[in-house]
Amino acid sequence: MLMGDQAGPGGSEGTARKPGADGSVSAVDPDWSRERPVRFWDPGPKLIRSIRRYQAARARGGPAARAASKYWVLVHRFWSAVTSCDIPLTLDAAGGLLLPHPLCIVIHPDARIGPNCLIFQGVTLAGPVTLGGHVDVGAGAKLLGPVTLGDDVRVGANAVVTRDVAKGRTVAGIPAREFPG
């Protein structure tokens with residue numbers, strides 16, 4: 001999914017992040033402002049930006065795009081080394097992906113990530129994992145695919161998810177069990 005560096009609705013460079021009218025985050029419409037670096041040293045957004053720009057360059061084609069894609073591969077390798085993350089350049093992720101503490105995150109090449117997801121440090125998405133929109137994955141959680149999580153799902157820290165999770169549910173524990181939301 002090629003998403004490039006687009007500004008979402010109401011998203012210009014200098015504006016603050018705007019949640020929905022009721023303070024919630026959309027599970028459908030990507031909030032591109034979540035992916036913008038806030039400070040000079042902001043490894044999560046910069047790692048995501050390298051992936052987005054690599055994909056955009058590959059989609060354009062031509063000699064200049066090939067050179068740009070090689071540059072973004074180097075940038076991706078730098079930020080991957082800084083964060084110890086293993087996130088493929090071919091990641092299929094909708095907009096609004098947020099990695100607030102991008103340390104030791106491992107994402108399988110077959111994983112699909114919906115809009116406005118939040119992934120904390122130490123998370124592993126192993127195998128064909130599909131995250132719906134606005135899925136929050138706590139630190140150290142392991143999602144062992146094939147697994148599909150619906151929209152607005154919350155996964156607790158260090159949970160091990162081996163089964164599908166329905167929309168709006170909260171799961172935690174080893175193995176992950178549903179809790180009242």
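Bear in mind that the values here come from a model prediction, so they are computed numbers and not experimental data.

Some details on the overall build of the protein
The helix and strand inventory of the protein stands at 2 helices and 13 strands. Considering the protein as a whole, with its 181 residues, one finds that 47% of them fall into the buried category. A separation threshold of at least 6 residues defines the contact pool for the protein, and within that pool the share at least 24 residues apart is 27%. Here the protein displays about 9100 Å² of accessible surface, and carbon together with sulfur accounts for 58% of that area.

Details of the nonpolar core
Ranked by size, the top nonpolar core spans 37 residues in total, and within it I113, I119, L125, L131 and L149 carry the most contacts. Only α1 (43-60), α2 (63-83), β6 (129-131) and β9 (147-149) provide two or more residues apiece to this core. Beyond its immediate chain neighbours, meaning those up to four positions away, I113 contacts L91, D92, A93, A94, L97, I107, I119, L125 and L131.

Describing the side chain of S69
Looking at the secondary structure, you find S69 in helix α2. Its relative accessible area of 5% is what places S69 among the buried residues. Excluding anything up to four places from it in sequence, S69 contacts Y54, A57 and R58.

With respect to the environment of L47
Mapping L47 onto the fold places it in helix α1. It is 8.9 Å that separates the C-alpha atoms of L47 and I87, two residues lying 40 residues apart in sequence. Apart from the residues within four sequence positions on either side, L47 is in contact with H76, W79, S80, T83, C85 and I87.

Notes on the sheet that holds strand β3 (residues 112-113)
Strand pairs in the sheet, formed through backbone hydrogen bonds, run parallel or antiparallel to each other. Reading across the sheet, the 4 strands line up as β1-β3-β6-β9 and stay open at both edges, with parallel pairing between neighbours. Looking at the sheet topology across the chains shown, the edges are occupied by β1 (92-93) and β9. With 3 bridges joining them, β6 and β9 adopt parallel strand pairing. By the bridge assignment, V129 is partnered in β9 with V147.

So, the environment of V155
Here V155 shows up in strand β10 (residues 154-155). When its relative accessible area of 5% is taken as the criterion, V155 is described as buried. Sequence separation between V155 and D136 is 19 residues; the distance between their C-alpha atoms is 6.1 Å. Apart from the residues lying within four places of it in its own chain, the contact partners of V155 are D136, V137, G138, A141, L149, V161 and V171.

What about unusual backbone geometry?
At the junction of G145 and P146, the peptide bond is cis and its omega measures out at 10 degrees in the coordinates. Topologically, P146 is positioned in the loop between β8 (142-144) and β9. Positioned with a positive phi, C104 is a non-glycine residue whose angle comes to about 60 degrees. Mapped onto the elements of the fold, C104 is located in the loop between β1 and β2 (106-107). If you check the backbone angles, N116 has positive phi at about 60 degrees while not being a glycine. Here N116 lies in the loop between β3 and β4 (118-119).

Topic: a nonpolar patch on the surface
Together, F40, W41, F78 and V82 make up a nonpolar patch on the protein surface, roughly 460 Å² of accessible area in all. Along the chain, W41 turns up in the segment before α1. The class of W41 is partly exposed, set by a relative accessible area of 47%.

Focus: the confidence of the model for the protein
In this model, the protein carries an average pLDDT of 87, and 87% of its residues clear a pLDDT of 70 or more. Predicted confidence for residues 1-18 stays below pLDDT 50, and this span has 32 contacts to residues more than four positions away or in other chains.

Criteria and thresholds
Residues numbered from 1 in each chain as written. Predicted model: local features only at pLDDT ≥ 70, side-chain atom pairs only at ≥ 80, totals over all residues. Heavy atoms only, no water. Helix = DSSP H or I, 4+ residues; strand = E, 2+ residues; numbered from the N terminus. Buried < 20%, exposed > 50% of the residue type's maximum accessible area, 1.4 Å probe, protein only. Contact = heavy atoms within 4.5 Å. Areas by Shrake-Rupley, 256 points an atom, 1.4 Å probe, with all protein chains shown as cover. Core = buried A, V, L, I, M, F, W, Y, C linked by side-chain atoms within 4.5 Å. Pairing = 2+ DSSP bridges. Patch = residues over 30% accessible without salt bridge, like charges linked within 9 Å, V, L, I, M, F, W, Y side chains within 5 Å. Salt bridge = Lys/Arg side-chain N within 4 Å of Asp/Glu carboxyl O. pLDDT = per-residue confidence, 0-100.

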